[in-house]
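# Chains, contacts and geometry: an overview
One-letter residues, chain by chain:
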Amino acid sequence: MKKVLILGAGPTGLVTGWELLKKGWDVTILEKDNIVGGLCRSWNYKNFILDTGPHIFHTPNKELKKFWITNFGDLFSQDEYWCKNVKGTNFDEMYDYPLSIESIKNQFDKKLSIKIQKEIENLDKDKKKYATNYKDYIDSFIGPTLRKMFFEKYPKKIWGISTDQMTPDWAPSRIKFRIKSLPFYHEEWSAVGKYGTGKIYERIKDNIIKLGGKVILNSEVIGLERSNKKITKIICKSKSYETETSIVISSLPLPISSYFLGYKSKLKYRGICSVYIFCKKKSILPKNVHWLYYDSEKIIFNRVTENKKLSNSLCPRNQSFITAEITYSKDDKINKMGKSKVINRVIDDLIKVNLVKKDEILDSQINFEPFVYPIQFKSFKEEVNKTKNYIQQFTNFYSIGAGGDFNYADSQVLFHKSFDLAGMLTNKYRKFYSEQKSELNVNLNNKVKTKDVKIGEANKTFIIAEIGLNHNGDIKIAKKLIDEAKKCGCDAVKFQSYKKEHRISKNFKSDKYFETVIGTEETISEMFNRLHLNHSQQKELFNYAKSKKILFFSSPFDTDNTDFLENLGVKLYKIASMDLNNLPLIEHVAKKKLPIILSTGMSRLHEIDEAVETIKNSGNEN
């Protein structure tokens, strides 16, 4: 029986553990709190049910929708959800979000509306390809006026840094202006936890226990022991767990895991302070509005939600409550303010924005969650890579989930990632046959030579500028990159040649890791389609590189593009590591008799042998 210890009983830890138990694994989950759910937990306070925040279960995926309804249908309350941006000196101006043509025409001042529409009509959207920060990206997408109104103060309030210091990754990949004002998740199935989000995860915990799994509460991890690239012991405050023969799955925040393993990461998070204000009134927010956004620096909170409007089972009939969310960083003024002062400030600001009156307030509560929003400063990817590369050396350790991936994600993404990790761990083909073939007599050239290329032995080092897809689908950028490569003294520039819609399947699992609503990242398949260069553009770049006296070649991903490159006149080919076991493609390329650069990343020796043997048998020794 396979054994696994999971650190954290949040969504990722619970779903992964549940799925592994179904496959017959021995599962133990360690959780520092006295309840499960992590950032999605719920708890009772007097006659109210509180959540760490308003969590919407939404998905366009039919399989996930079916899974949710089958397992938790009685725990869901399904509805449409609406929100507004609050503006104005007196906080009495409300604008639809997401924005729409209808709202711009009907909710904005006429003069302002005309100005915005003209800016949108005259946008040079190619500028977004050159954007190096959030501010420039948004300007090129929707214009400076809407950016200043909705996408400047609010992002800074959330992330704690100005928009010109934020990576453009946080910018929406496709801001759509809807024709009409519609619910937030109008294209998806959506629901909330009828009795709190945590009830869904408590049911998963119960299912885990029924299947023989263990969920041990009040077990905070304080250290990990390691030896020979393996985690050997998990140290909790109350007990230690040997893991020499177990797999360890961590949903702890990535910098915490890396710290326990000996690497001090520079990655940081913003936290959320939730303040719950209970009122003796049936309703608090405007009619048909579930939550409001505030970007004003004069108001301490950035979002308020009336939980009763999400589900009327969360509080008494004649009462209601608001959850006011405040983002903060470690040791900032919010964190140092003290609980009572934060609560009093929230009450004062709720009165200021005309949502409650002093004599309507019954009670209050407060909760701090320090690890919620990963701060994506400009160079954060480099530090993410360093941190992940360090922890990935430990062969029995997996870091997943919103915290473990250093990526803010909602329920649909977390469920998909949990399903995929459990599927990967239980796949009987996971450990590939890795013995080297015993008899191979493949002698290849120690140097290769064509009219323009001499590589190997006494020849000078051959330096290739890997342009790949960094042209962002723009031929002007591609030419500029060729110029820079030439200026640097590179010998060649390399691109990628593939068929649009064919490079990555729309069913590729990572596509499920992206939300498909307004303001989120594009999917992997969408990205490759956007970055595609057609044959005419590649021919133009080939001739441009030739005029600059620098070699142009490419990685073909199919036989048609191999033939196209041959007709173009390339002097060598590159096989991508993802195609090392695509023997029909390798054979087709090899028969062109041109030098081949064969990438072997992530490969086993027997796979390399097969690829090399295929090239040799095709009569190509270069």
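Given the structure is predicted, the values throughout are model-derived calculations rather than measurements.

A separate point is helix α13 (residues 380–391). For α13, spanning 12 residues, the distance from its first C-alpha to its last is 17 Å, which sits close to the expected 16 Å at 1.5 Å a residue. For α13, the full list of buried residues reads Phe 380, Glu 383, Val 384, Thr 387 and Ile 391. Buried residues along α13 cover an arc of 105 degrees about the axis, so they all sit on one side.

The phi angle of most residues is negative, glycine excepted, and most peptide bonds adopt the trans form. Residue Tyr 97 is joined to Pro 98 through a cis peptide bond whose omega torsion reads 0 degrees. Residue placement: Pro 98 occurs in the loop between β8 (93–97) and α3 (101–107). We note that Lys 229 has phi near 65 degrees; this positive angle belongs to a residue other than glycine. The residue Lys 229 is located in the loop between β11 (221–227) and β12 (230–236) in this model. Overall, the relative accessible area of 45% leaves Lys 229 in the partly exposed class. A positive phi is found at Asp 331, a non-glycine position, where the angle reads about 70 degrees. Looking at where Asp 331 falls in the secondary structure, it is placed in the loop between β18 (320–328) and α11 (333–336).

With that out of the way, let us pick up the sheet that holds strand β13 (residues 240–242). With antiparallel pairing, the 3 strands of this open sheet are ordered in space as β11-β12-β13. Of all the strands in the sheet, the pair left with one neighbour each is β11 and β13. Each strand of the sheet is rotated relative to its neighbour by a mean of 20 degrees, with strand direction disregarded. Sheet analysis places β11 next to β12, joined by 6 bridges and oriented antiparallel. By the bridge assignment, Val 221 is partnered in β12 with Cys 236.

This part takes up the packing of helix α18 (residues 535–547) against helix α19 (residues 559–568). Direction vectors running N to C along α18 and α19 enclose 35 degrees, while the axes themselves pass 11 Å from each other. Between α18 and α19 lies a crossing whose hand is right-handed. Together, His 535, Gln 538, Lys 539 and Phe 542 of α18 and Asn 561, Phe 564, Leu 565 and Leu 568 of α19 make up the contact between the two elements.

A separate point is helix α2 (residues 62–72). Every buried residue of α2 is accounted for by Leu 64, Phe 67, Trp 68 and Phe 72. The arc that holds the buried residues of α2, viewed along the axis, is 95 degrees, so those residues lie on one side. Seen from the open side of α2, the exposed residues pointing more than 90 degrees away from its buried face are Lys 62, Glu 63, Lys 66 and Thr 70. Of the surrounding secondary structure, the elements contacted by the buried residues of α2 are α1 (11–22), β5 (57–59), β6 (76–78), β9 (189–193), α8 (198–210) and α15 (411–426).

Geometrically, a pair of aromatic rings is defined through the distance of the ring centres and the angle of the planes. Taken as a whole and judged by the stated rule, the model has 41 aromatic pairs. For the pair Tyr 95 and Phe 108, a centre-to-centre distance of 4.7 Å together with 55 degrees between the ring planes defines the contact as tilted. You can see Tyr 95 sitting in strand β8 and its partner Phe 108 sitting in the loop between α3 and α4 (110–121), a full 13 residues away along the chain. We classify Tyr 95 as buried; its relative accessible area is 8%.

Two numbers describe how α2 lies on α15: the axes approach to 11 Å, and their chain directions differ by 95 degrees. Between α2 and α15, the angle is such that the two are roughly perpendicular. Residues Leu 64, Phe 67, Trp 68 and Phe 72 of α2 form the contact with α15, whose own contacting residues are Ser 411, Gln 412, Phe 415, His 416 and Phe 419. By residue class, the composition of the contact of α2 with α15 is 6 nonpolar, 3 polar and no charged.

In this structure, Ile 482, Val 493, Phe 495, Leu 541, Ile 550, Phe 552 and Val 570 are the most contacted members of the largest nonpolar core, which totals 37 residues. Leaving out residues up to four positions away in the same chain, Ile 482 has contacts with Ile 467, Val 493, Phe 495, Leu 541, Tyr 544, Ala 545 and Ile 550. Ranked by size, the runner-up nonpolar core spans 35 residues in total, among them Val 36, Cys 40, Trp 68 and Ile 400.

According to the stated counting rule, one finds 29 salt bridges in the structure shown. Across the salt bridge formed by Asp 363 and Lys 46, the nearest N and O atoms sit 2.7 Å from each other. Here Asp 363 is found in strand β19 (residues 361–374), whereas its partner Lys 46 is found in the loop between β3 (42–45) and β4 (48–51), with 317 residues between them in sequence. Taking relative accessible area as the criterion, Lys 46 reaches 61% and is therefore assigned exposed. The shortest N-O distance in the salt bridge between Asp 206 and Lys 205 comes to 4.0 Å. On the basis of relative accessible area, Asp 206 is assigned to the partly exposed category, the value being 38%.

Turning next to the side chain of Ser 42. Mapped onto the fold, Ser 42 is located in strand β3. With a relative accessible area of 6%, Ser 42 lands in the buried category. For Ser 42, the side chain forms a polar contact with the main-chain nitrogen of Thr 197, separated by 3.1 Å.

It is worth spelling out the side chain of Glu 325 at this point. Position of Glu 325 relative to the elements: it lies in strand β18. The exposure class assigned to Glu 325 is buried, which follows from its relative accessible area of 4%. Reaching out from Glu 325, the side chain makes a polar contact with the side chain of Arg 303 at a distance of 2.7 Å. Sequence-distant contacts of Glu 325, that is, excluding residues within four places in its chain, are made with Pro 54, Ile 272, Cys 273, Ser 274, Phe 301, Asn 302, Arg 303 and Thr 305.

As summarised here, the arrangement of the 3 strands in space is β5-β9-β6, forming an open sheet in which the pairing is antiparallel. Edge positions in the sheet fall to β5 and β6, since each of these pairs with one other strand and no more. Taking the axes of each pair of neighbouring strands and ignoring which way they run, one obtains an average angle of 30 degrees across the sheet. In this sheet, β9 lies alongside β5 in antiparallel orientation, the contact comprising 3 bridges. Considered in β9, the bridge of His 58 is made with Ser 190. Sitting on the sheet, α2 is in contact with β5, β6 and β9, with an inclination near 150 degrees to β5.

Mean pLDDT over the chain stands at 89; residues scoring 70 or higher make up 93%. Model confidence for the chain, summarised as mean pLDDT per element, is weakest for helix α17 (residues 524–530) at 80 and strongest for α8 at 98.

Time to look at the pairing of strand β14 (residues 247–250). On β14, burial covers both faces: Ile 247 and Ile 249 on one face and Val 248 and Ser 250 on the other are all buried. Across 4 bridges, the pairing between strand β1 (residues 3–7) and β14 is parallel. Following the sheet pairing, Val 4 is matched in β14 by Ile 247. Sheet topology places β14 next to strand β20 (residues 397–399); 3 bridges connect them, and they run parallel. Within β20, the residue paired with Val 248 across the bridge is Phe 397.

The rules behind the values
Residues numbered from 1 in each chain as written. Predicted model: local features only at pLDDT ≥ 70, side-chain atom pairs only at ≥ 80, totals over all residues. Heavy atoms only, no water. Helix = DSSP H or I, 4+ residues; strand = E, 2+ residues; numbered from the N terminus. Expected span 1.5 Å × (residues − 1). Buried < 20%, exposed > 50% of the residue type's maximum accessible area, 1.4 Å probe, protein only. Arc of directions from axis to C-beta. Pairing = 2+ DSSP bridges. Axes fitted to C-alpha atoms, helices over the stretch in contact; angles between N-to-C directions. Left-handed = near helix turned anticlockwise from the far one by under 90°. Contact = heavy atoms within 4.5 Å. Phe/Tyr/Trp six-rings, centres within 6.5 Å; stacked < 30°, edge-to-face > 60°. Parallel < 35°, antiparallel > 145°, perpendicular 65-115°, else oblique. Nonpolar A, V, L, I, M, F, W, Y, C, P; charged D, E, K, R; others polar. Core = buried A, V, L, I, M, F, W, Y, C linked by side-chain atoms within 4.5 Å. Salt bridge = Lys/Arg side-chain N within 4 Å of Asp/Glu carboxyl O. Polar contact = N/O pair within 3.5 Å; in protein donor to acceptor, adjacent residues only side chain to side chain. pLDDT = per-residue confidence, 0-100.

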